[in-house]
2 protein chains.
Amino acid sequence: MSNSRKNMALGVFLLGAGHHAAAWRHQEANARGNIDFRQLVQLAQTAERGKLDMVFIADALAVGRSLSSIEHNVGGALEPFSLLSALAAVTEQIGLVATSSTTYNEPFHTARKLATLDHISDGRSGWNIVTTGTEAEAHNFGRETNLAHELRYERAGEFVKVVKELWDSWEDTALLADKASGIYADLDKVREIDYKSDWFTVKGPLDVPRPPQGYPVLIQAGSSPAGQAFAASIAEVVFTAQQTIEEAKHFYQSVKGQLASFGRAEHGLLIMPGISPILGATEQEAREKQQELDALVLPHVAVAQLSGLLNFNLASYDLDGPLPSIPLPEASTSGVISRIKMLVSLAEKEELTIRQLSQRVIGARGHKTFVGTAVQLADLMEEWFRQGACDGFNLMPPLLPSGLDEFVDEVVPELQKRGLFRTQYSGTTLRDHLGLSSPYPAYRT
Amino acid sequence: MSNSRKNMALGVFLLGAGHHAAAWRHQEANARGNIDFRQLVQLAQTAERGKLDMVFIADALAVGRSLSSIEHNVGGALEPFSLLSALAAVTEQIGLVATSSTTYNEPFHTARKLATLDHISDGRSGWNIVTTGTEAEAHNFGRETNLAHELRYERAGEFVKVVKELWDSWEDTALLADKASGIYADLDKVREIDYKSDWFTVKGPLDVPRPPQGYPVLIQAGSSPAGQAFAASIAEVVFTAQQTIEEAKHFYQSVKGQLASFGRAEHGLLIMPGISPILGATEQEAREKQQELDALVLPHVAVAQLSGLLNFNLASYDLDGPLPSIPLPEASTSGVISRIKMLVSLAEKEELTIRQLSQRVIGARGHKTFVGTAVQLADLMEEWFRQGACDGFNLMPPLLPSGLDEFVDEVVPELQKRGLFRTQYSGTTLRDHLGLSSPYPAYRT
């Protein structure tokens, strides 16, 4: 299966000092980069210089899995909609994607924040839809426990429906602002939605006129069967963690294969695995960079982080022994379960000790790592893209800002030379960049 | 009673085309200014050029009192936190004040959005605390009716308490980010708040480190007895609508007089009435500008707007007859009741017809209007300030951008000449501008 897309899509996941767990300790790092707006502006402007499709901000509604996790790991971050709106003011073309939970928000608030970001950015917004997976987040919103997995997806489906109806509550041409007649809004084209269900009762209309893109781009990262089905039904971009080209092809075909049953075309959804590259002028230089970063991680911190990813405390096990049998948590998200299975399988396949596995996953938290030269990275990306393993990549540079500078200065030109990536933006909106059509809702004029 | 403050405080209430109901129809106006980010940037930068203390954004969680109200009036706006964060990126010094409801939000979300705005702006944020007064807003959040007045204030008091505890959950020096030791956060200085009450259960800590200002500046606009008491207990700035210097002095003394009972000093709270000035080189020119704006209002629109302000439908009454007896709504906010009393009293005192009253209030929605020269306006502002009727003003220019340009170019220099207003910013934060001290919470290092 080859990819019919000419250009691959490229996003970058912005995270203060970088994605490696110890990046903030590196001599080049801005250790407070995660809350330093100037650092984040610099990263977004570099990504725009590289003509990337979008910058992406993750989100959690708690400092970490537990308070103790921030003793050695970066914790605390800026609220995504505020941050991305601010980045919109100092960028011109790049897409801006905010993560936001459907479990601990109201659809009216979410619809208006996304519509606002879309207006401020002239149509460059996207929404990474998450259902929120941790108990720590539940505890900040008056709940003893998180909603069960299936209820979260049920709520998420309805939540997205309400949000779309709110965006549709103003037709494209509803805002007349006609000075001569004195008619501001055409009341035939603004409607109450009167949504009523067990989950939500929302009258509408939205208090923000229709977003320039119609709908901001909808993004999801479901990987369990339920998650894949949800993504196939509503998402236009899927973020995913894939270790090998074979696994990536399998996932790609699985998700794309479900689109037809929702009446959707294959090109209406892009699949973008994460990739965490460490680049060097030579392979040897890249490996040295990796070792330099790994040396900054305290072993007990690495194992604690692996324990978090596995939802299983490894503190009492021999660091240099094998991974014990890891139970799958019952009431967790599909994402967590898929991640645990992937890590267990990785340890078995390569016969890794706990120490080795923890070192392996620290840099990319389950995403594909790469260590080598820019040309080698371009080779890998080209292979994955041309062989139908993905439609592009979500970059997670281990160390920032250098990891993004190197990518933009060395890898992007190589991809451009091969005809795999744009040399300039051909449109103005995130939908334009990604080659996604505008939505055609019932109410559209 | 004279004012001990050397400088008056000045804010400007940003609203697309201006505060006059028909401003958007004026030939100079950007009719879509309310959702045009570039227009709002221009206004904020002009205010900063004038060394104003702050820009202020109102908010409502519905398009208007009813959907039909936006047929002839501006309706729909950008979400305040997103907008102000974006403005923070393109301004350097001016304060940025967001309105946000305590009734239809969660304290955790509000605390993090304000902390984020404070980080992005390096300490220039403020929060105008509102309890939300309309049924239309209730209907967008699954409620048949709004919370009763006293319950809204009860919730608001607790809401602010939780938000402050979340800001205090990180001490000033909690974020070490110490590369050498590998300690990111000092766990002795980050705490769960474990807040539990009938209204809120929030574990914390906040997922954003402590805001640069400690707390963003707290602003309120309560005018009923309950509203004044709430303001006296927690607010650092009070926005108010006062028509005459006598009424303003009375309000000023009433609110300031309550501070001692909450253990607060008089200088810890600023009172800023709204003022809506139309300026001309001569009085005659200013009056012509006013007539030009008033001529753009359709009479039935003016009466509908007055009906909204009075919570009473005047459509069936003679436009040129007197105001009928207006009943006070039972389940409404103090703000609404105070406003109705003020309008009824104004009509009685000046023997205004419905048409005359509607024209009078259109420009400023109950706030003080002024028509004259820059020097005359400076006279009025000086009198109110020196005689203890206010600590400054919240500008509501009827027509924008010209109304703000004229104020900055003509009135600000006149106030500066008289030693009533700063010629440059002497500090960096909104607290610095307003002369407010930092909070000293229990947890502060």
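Worth saying up front: this structure is predicted, and the values here are computed from it rather than measured. (Residues numbered from 1 in each chain as written. Chains lettered and ligands numbered in written order. Predicted model: local features only at pLDDT ≥ 70, side-chain atom pairs only at ≥ 80, totals over all residues. Heavy atoms only, no water.)

*Asks:* So what exactly am I meant to see when it comes to the UniProt feature "domain: Luciferase-like" (unreviewed entry) in chain A here?
*Replies:* Under the UniProt annotation, the feature "domain: Luciferase-like" (unreviewed entry) is placed at residues 22-295 of chain A. With 35% helix and 17% strand, residues 22-295 of chain A has end C-alpha atoms that lie 9 Å from one another. (UniProt positions renumbered as here; feature names shortened; annotations may be inferred. Helix = DSSP H or I, 4+ residues; strand = E, 2+ residues; numbered from the N terminus.)

*Asks:* Can you walk me through the side chain of Ser-125 of chain B in this structure?
*Replies:* All names here are of chain B. Note on placement: Ser-125 falls in strand β4 (residues 125-130). For Ser-125, a relative accessible area of 0% translates into the label buried. A polar atom in the side chain of Ser-125 sits 2.7 Å from the side chain of Asp-118. (Buried < 20%, exposed > 50% of the residue type's maximum accessible area, 1.4 Å probe, protein only. Polar contact = N/O pair within 3.5 Å; in protein donor to acceptor, adjacent residues only side chain to side chain.)

*Asks:* Looking at this structure, how should I read the pairing of strand β4 (residues 125-130) of chain A?
*Replies:* Residue and element names in this part refer to chain A. Along β4, 5 of the 6 residues are buried, which leaves the element largely enclosed by surrounding structure. Sheet topology note: the strand β3 (residues 95-101)/β4 ladder contains 6 bridges and is parallel. Across the sheet, Leu-96 pairs through a bridge with Ser-125, a residue of β4. Taken together, β3, helix α3 (residues 107-120) and β4 form a β-α-β motif whose crossover is right-handed. (Pairing = 2+ DSSP bridges. Right-handed = clockwise from strand over helix to strand, strands pointing away.)

*Asks:* Could you clarify how one ought to interpret the environment of Asn-7 of chain A in this entry?
*Replies:* Residue and element names in this part refer to chain A. Counting through the fold element by element, Asn-7 comes out in the segment before β1 (9-13). Along the backbone, Asn-7 and Leu-415 are 408 residues apart, and their C-alpha atoms lie at a distance of 9.3 Å. In this structure, Asn-7 is in contact with Phe-385, Asp-391, Gly-419, Leu-420, Phe-421 and Arg-422, ignoring residues within four places of it in sequence. For Asn-7, the side chain forms a polar contact with the main-chain nitrogen of Phe-421, separated by 3.2 Å. Looking at Asn-7, its side chain comes within polar contact range of the main-chain nitrogen of Arg-422, at 3.2 Å. (Contact = heavy atoms within 4.5 Å.)

*Asks:* Which parts of the structure should I look at to understand the packing of aromatic side chains?
*Replies:* Both the distance between ring centres and the angle between the ring planes are used here to describe each pair of aromatic rings. All names here are of chain A. Under the criterion given, the structure shown has 24 aromatic pairs over all chains. Plain terms: the ring middles of Trp-127 and Phe-159 are 6.0 Å apart, the flat faces sit at 55° to each other, and that makes the pair tilted. Pair noted here: Trp-127 is in strand β4 and Phe-159 is in helix α5 (residues 149-168), with a separation of 32 residues, a long-range link. Across this residue pair, the class does not change: Trp-127 and Phe-159 are buried. An aromatic cluster is built from Trp-127, Phe-159, Trp-167, Phe-200 and Tyr-215, whose rings are joined through pairwise contacts. (Phe/Tyr/Trp six-rings, centres within 6.5 Å; stacked < 30°, edge-to-face > 60°.)

*Asks:* Mind showing me how you'd approach the UniProt feature "binding site: FMN" (unreviewed entry) in chain A here?
*Replies:* Cross-referencing UniProt, the feature "binding site: FMN" (unreviewed entry) maps to Asp-59, Thr-99, His-149, Tyr-153, Ser-223 and Ser-224 of chain A in the present numbering. Along the chain, Asp-59 of chain A turns up in the loop between β2 (54-57) and α2 (80-89). Ignoring sequence-local partners within four residues, the contact set of Asp-59 of chain A consists of Pro-80 and Thr-99 of chain A together with Arg-112 of chain B. Separated by 2.6 Å, the side chains of Asp-59 of chain A and Arg-112 of chain B make a polar contact. Checked against the element boundaries, Ser-223 of chain A lands in the loop between β9 (217-220) and α6 (225-234). Residue class for Ser-223 of chain A comes out partly exposed when judged on its relative accessible area of 24%.

*Asks:* I'm lost on the relation of the copies chain A and chain B in this one. Help?
*Replies:* Mapping between the two copies of the chain is achieved by a rotation about an axis and a shift along the axis. Turning chain A through 180° and shifting it by 0.0 Å along the axis lays it on chain B, with an RMSD of 0.1 Å. A rotation of that kind, with that shift, is consistent with a two-fold axis. Distance from the rotation axis, computed per C-alpha, reaches its smallest value in chain A at Ala-86 of chain A: 1.8 Å. Looking at chain A, 100% of its interface residues are interface residues in chain B too, so the copies touch through the same face. (Least-squares fit on C-alpha atoms with pLDDT ≥ 70 in both.)

*Asks:* Before we go on, may I ask you to explain the pairing of strand β2 (residues 54-57) of chain B in this structure?
*Replies:* The side chains of a regular strand alternate between the sheet's two faces. Residues and elements named next belong to chain B. Side chains Met-54 and Phe-56 of β2 all project onto a buried face; the interleaved residues Val-55 and Ile-57 project onto the opposite face, where all are buried too. By the bridge criterion, 3 bridges tie strand β1 (residues 9-13) to β2 in an arrangement that is parallel. Across the sheet, residue Val-12 finds its bridge partner in β2, namely Val-55. Since β1 and β2 lie parallel, the crossover through helix α1 (residues 37-49) that links them has a hand, and here it is right-handed. Pairing between β2 and strand β3 (residues 95-101): 4 bridges, direction parallel. Note on β3: the bridge partner recorded for Ile-57 is Ala-98.

*Asks:* Explain the environment of Thr-429 of chain A here, please?
*Replies:* Residues and elements named next belong to chain A. Relative to the helices and strands, Thr-429 resides in the loop between α13 (402-417) and α14 (430-434). Here Thr-429 falls in the buried class, since its relative accessible area comes to 14%. Setting aside chain neighbours within four positions, we find Thr-429 in contact with Asp-122, Gly-123 and Gln-213. Within the structure, the side chain of Thr-429 is placed 2.9 Å from the backbone nitrogen of Asp-432, a separation counted as a polar contact.

*Asks:* When you look at the packing of helix α3 (residues 107-120) of chain B against helix α5 (residues 149-168) of chain B in this model, what are you seeing that I'm missing?
*Replies:* The description of two packed helices rests on the angle between their axes and on the distance between the axes. Residue and element names in this part refer to chain B. Contact geometry of α3 with α5 gives a least axis separation of 9 Å together with a crossing angle of 50°. As summarised for this structure, α3 and α5 are arranged oblique, according to the angle between their axes. The handedness of the crossing between α3 and α5 is right-handed. Contact residues: α3 offers Pro-107, Phe-108, Thr-110, Ala-111, Leu-114 and Ala-115, while α5 offers Phe-159, Val-162, Val-163, Leu-166 and Trp-167. Looking at the contact of α3 with α5 residue by residue, the class counts come to 10 nonpolar, 1 polar and no charged. (Axes fitted to C-alpha atoms, helices over the stretch in contact; angles between N-to-C directions. Parallel < 35°, antiparallel > 145°, perpendicular 65-115°, else oblique. Left-handed = near helix turned anticlockwise from the far one by under 90°. Nonpolar A, V, L, I, M, F, W, Y, C, P; charged D, E, K, R; others polar.)

*Asks:* Would you take a moment to explain the packing of α5 of chain B against helix α6 (residues 225-234) of chain B for this structure?
*Replies:* Residue and element names in this part refer to chain B. Direction vectors running N to C along α5 and α6 enclose 5°, while the axes themselves pass 11 Å from each other. The angle between α5 and α6 places the two elements in the roughly parallel class. Across from His-149, Tyr-153, Ala-156, Gly-157 and Val-160 in α5, the residues of α6 making contact are Ala-226, Gly-227, Phe-230 and Ile-234. Taken together, the residues of the contact of α5 with α6 sort by class into 6 nonpolar, 3 polar and no charged.

*Asks:* Mind showing me how you'd approach the interface of chain A and chain B here?
*Replies:* For interface size, the figure often reported is the accessible area lost on association. The interface is formed by 75 residues belonging to chain A together with 76 residues belonging to chain B. Buried area between chain A and chain B, both sides added, is near 6400 Å², and the carbon and sulfur share of it is 61%. At the surface where chain A touches chain B, the tally comes to 4 salt bridges. In this assembly, chain A and chain B are joined by 38 residue pairs in polar contact (both at pLDDT 80 or more). (Buried area = accessible area lost by both parts, 1.4 Å probe. Salt bridge = Lys/Arg side-chain N within 4 Å of Asp/Glu carboxyl O.)

*Asks:* What's the story with the pattern of salt bridges in this structure? I'm lost.
*Replies:* Where charged atoms from two side chains of opposite charge approach closely, those side chains can pair. Using the criterion set out here, one finds 42 salt bridges over all chains in the structure. Its salt-bridge partner being Asp-122 of chain B, residue Arg-38 of chain A comes within 2.7 Å of it at the nearest N-O pair. Placement of the pair is Arg-38 of chain A in helix α1 (residues 37-49) and Asp-122 of chain B in the loop between α3 and β4, with the two residues belonging to separate chains. Residue class for Arg-38 of chain A comes out exposed when judged on its relative accessible area of 57%. The partner of Arg-210 of chain B in a salt bridge is Asp-168 of chain B, and the shortest N-O contact between them spans 2.9 Å. In this pair, Arg-210 of chain B is assigned in the loop between β8 (201-202) and β9 (217-220) and Asp-168 of chain B in helix α5, connecting sequence segments 42 residues apart. Taken as a pair, Arg-210 of chain B and Asp-168 of chain B share a single burial class, namely buried. Connected through salt bridges with shared partners, the residues Asp-379, Glu-382, Arg-386, Glu-414, Lys-417 and Arg-418 of chain A form a single ionic network.

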